[in-house]
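# What the coordinates show
These are the residues of each chain, in order.
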Amino acid sequence: MKQVLRDLAALVARIGVGGIFFANGWTKLEDGLITTGAKFLQQGAPAPGAWATVTMLAELIGGALLIAGLAVSITGLILFAEALAVFVVAPPLNPISVNELILLGAASLLLAVVGAGRVSVDHMVVIRRRESEAADEFAADSEADQVIASLRDPDKPADSGEPAEAASPASESSGKEAEAKASEDTAPHPRPRTRPADTKRGEEPSPSPGDTLVAGRKKPPARGRRTTAD
């Protein structure tokens, strides 16, 4: 509620101060630069033509910007400087008196410091653009963090928040099973321990002269050959 009251007060002050400045500049524009310069000359201002042009443009443009609430911080300072210069160099022209000039200068400075409020172009356009730029910077920082994390842990998927170890137990168990099966298939089978009838207990049976062990199995002698035992 307090913020709403501040915004309404800023809006009323902008319309009042900016409206007076704009009306005074419009009066100078209607009178013409030559007439306004002549009035400045009568009041003892140096370079009356330049004074007429500068004050007219400052009051017209500055008053319009105050009413719209655009660049209020800069506009308020410019209008305060213009009011101070007119107060110091030359007495104010009608319809503005000295008291009104002081009040307008003080109000312009106050608006420059306080701001335009939320009911203004500054808040609706400029601040929203800054917020969007900040959001873009935050998104770029997040993407950079994801790239750095993927470089540090290549096995971790870039778009998933789960660590790479979550998928590793199943793959490790399947790999171990495959290795165990391969070792069983390629391991040499044990040689069958046959004990001939004439072998005594406790003695190791000796293979027959014509037999050959191939991968743990006994290979029968080739046909057509005779063993040396015969």
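Rules used throughout
For every chain, the first residue of the written sequence is number 1, and numbering continues from 1 along that sequence. In view of the model being predicted, local features appear only for residues whose pLDDT reaches at least 70, and side-chain atom pairs are presented and counted only at 80 or more, with totals across whole chains, interfaces and linings using the full set of residues. Side-chain metrics in this entry use all non-hydrogen atoms of the structure; hydrogen atoms and water are not considered. In this analysis, the protein atoms alone were mapped onto a 1 Å grid. Cavities are point sets where a 1.4 Å probe fits without being able to get out; pockets are open sets with protein on both sides within 12 Å along at least five of seven lines; lining residues have an atom within 4 Å of a point. Grid points are joined across faces, edges and corners, and a volume is the space filled by probe spheres set on the points. The helix and strand labels rest on DSSP assignments: H or I over at least four residues marks a helix, E over at least two residues marks a strand, and numbering proceeds from the N terminus. Here the nonpolar group is Ala, Val, Leu, Ile, Met, Phe, Trp, Tyr, Cys and Pro; Asp, Glu, Lys and Arg are the charged ones; every other residue, Gly included, is treated as polar. Note on geometry: axes are C-alpha line fits, over the in-contact stretch for helices, and angles between N-to-C directions span 0 to 180 degrees. For classification purposes, angles smaller than 35 degrees are called roughly parallel, those larger than 145 roughly antiparallel, those between 65 and 115 roughly perpendicular, and all remaining angles oblique. Crossing handedness is read from the near helix: turned anticlockwise from the far helix by less than a right angle, it gives a left-handed crossing, and turned clockwise, a right-handed one. The contact criterion used throughout is that any non-hydrogen atoms of two residues lie within 4.5 Å. Residues with no salt bridge and a relative accessible area higher than 30% make up the patches, which join like charges within 9 Å and nonpolar side chains (Val, Leu, Ile, Met, Phe, Trp, Tyr) within 5 Å. Computed by Shrake-Rupley with a 1.4 Å probe, the accessible areas treat only the displayed protein chains as cover when residues are assessed. When a carboxyl oxygen of Asp or Glu is within 4 Å of a side-chain nitrogen of Lys or Arg, the pair counts as a salt bridge. The sign given to each residue is positive for Lys and Arg and negative for Asp and Glu; His and the chain ends receive no count. Where a charge sits is defined by one atom per residue type, namely NZ (Lys), CZ (Arg), CG (Asp) or CD (Glu). Accessibility here uses a 1.4 Å probe with only protein chains present; expressed as a share of the type maximum, an area under 20% marks a residue as buried, one over 50% as exposed, and anything in between as partly exposed. Residues belong to a common nonpolar core when they are buried Ala, Val, Leu, Ile, Met, Phe, Trp, Tyr or Cys residues joined through side-chain atoms within 4.5 Å. Within a predicted model, pLDDT stands for the predictor's per-residue confidence, ranging from 0 to 100.

## A closer look at the layout of surface pockets
- In this structure, the largest pocket spans a volume of roughly 240 Å³.
- In terms of lining, the largest pocket is formed by 14 residues, of which the most central are S73, G115, A116, D122 and I127.
- Counting residues per element, the lining of the largest pocket draws most heavily on helix α6 (residues 121-152), which supplies five residues.
- Residues of the lining of the largest pocket, tallied by class, amount to six nonpolar, five polar and three charged.

## Focus on the packing of helix α1 (residues 2-31) against helix α3 (residues 48-68)
- In the contact formed by α1 and α3, the axes pass within 7 Å of each other and the chain directions differ by 150°. Of the possible angle classes, the one that applies to α1 and α3 is roughly antiparallel. Of the two possible hands of crossing, α1 and α3 adopt the one that is left-handed. Only T55, M56, E59, L60, G63, A64, L66, I67 and A68 of α3 make contact with α1, whose side of the interface consists of R14, I15, V17, G18, G19, F21, F22, N24, G25, W26, K28 and L29.
- Of the residues in the contact of α1 with α3, the class split is 12 nonpolar, six polar and three charged.

## Looking at the packing of α3 against helix α4 (residues 72-89)
- In contact at an axis separation of 10 Å, α3 and α4 are set at 145° when each is read in the N-to-C sense. When you trace α3 past α4, the crossing you get is left-handed. Seen from α3, the contacting residues are W51, T55, A58, E59, G62, G63, L65 and L66; seen from α4, they are V72, T75, L79, E82, A85, V86 and V89.
- Looking at the contact of α3 with α4 residue by residue, the class counts come to nine nonpolar, four polar and two charged.

## So, a negative patch on the surface
- Where like charges cluster on the molecular surface, the negative patch consists of E133, D136, E137, D141 and D145.
- For E133, a relative accessible area of 44% translates into the label partly exposed.

## Brief notes about unusual backbone geometry
- Within the chain, A47 stands out as a residue other than glycine whose phi angle is a positive 50°.
- Mapped onto the secondary structure, A47 falls in the loop between α2 (33-42) and α3.
- Taking relative accessible area as the criterion, A47 reaches 47% and is therefore assigned partly exposed.
- Of note in the backbone geometry, A71 takes a positive phi value of approximately 55° without being a glycine.
- By the secondary structure assignment, A71 is in the loop between α3 and α4.
- Note on A71: relative accessible area 31%, which makes it partly exposed.

## Remarks on the nonpolar core
- Ranked by internal contacts, the top residues of the largest apolar core, which has 17 residues, are F40 and L66.
- Of all the secondary structure elements, the ones that give two or more residues to this core are α1, α3, α4 and α5 (98-114).
- The leading source of residues in this core is α4, at four residues.

## Here's the deal with a nonpolar patch on the surface
- Together, L84, F87, V88, V89, V98 and I102 make up an exposed nonpolar region whose accessible area comes to about 500 Å².
- Listing elements by their share of the nonpolar patch, those giving two or more residues are α4 and α5.
- Broken down by element, the residue count for the nonpolar patch peaks at four residues, all from α4.
- Position of F87 among the secondary structure elements: in helix α4.

## Side note on the confidence of the model for the chain
- Chain-level statistics for the chain give a pLDDT mean of 74 and a share of 64% at 70 or above.
- Put simply, strand β1 (residues 212-214) is where the chain has its lowest mean pLDDT, 48, and α3 is where it has its highest, 91.
- Per-residue pLDDT stays below 50 along residues 160-167; that stretch engages in six contacts with residues further than four places along the chain or on separate chains.
- Residue range residues 211-216 is modelled with pLDDT below 50. Its contacts to residues more than four positions away, or to other chains, number 14 contacts.

## A short note on the environment of V89
- Secondary-structure assignment places V89 in helix α4.
- Once the C-alpha coordinates of V89 and F40 are considered, the two residues, 49 residues apart in sequence, prove to be 9.7 Å apart.
- Aside from chain neighbours lying at most four places away, what touches V89 is A45, P46 and W51.

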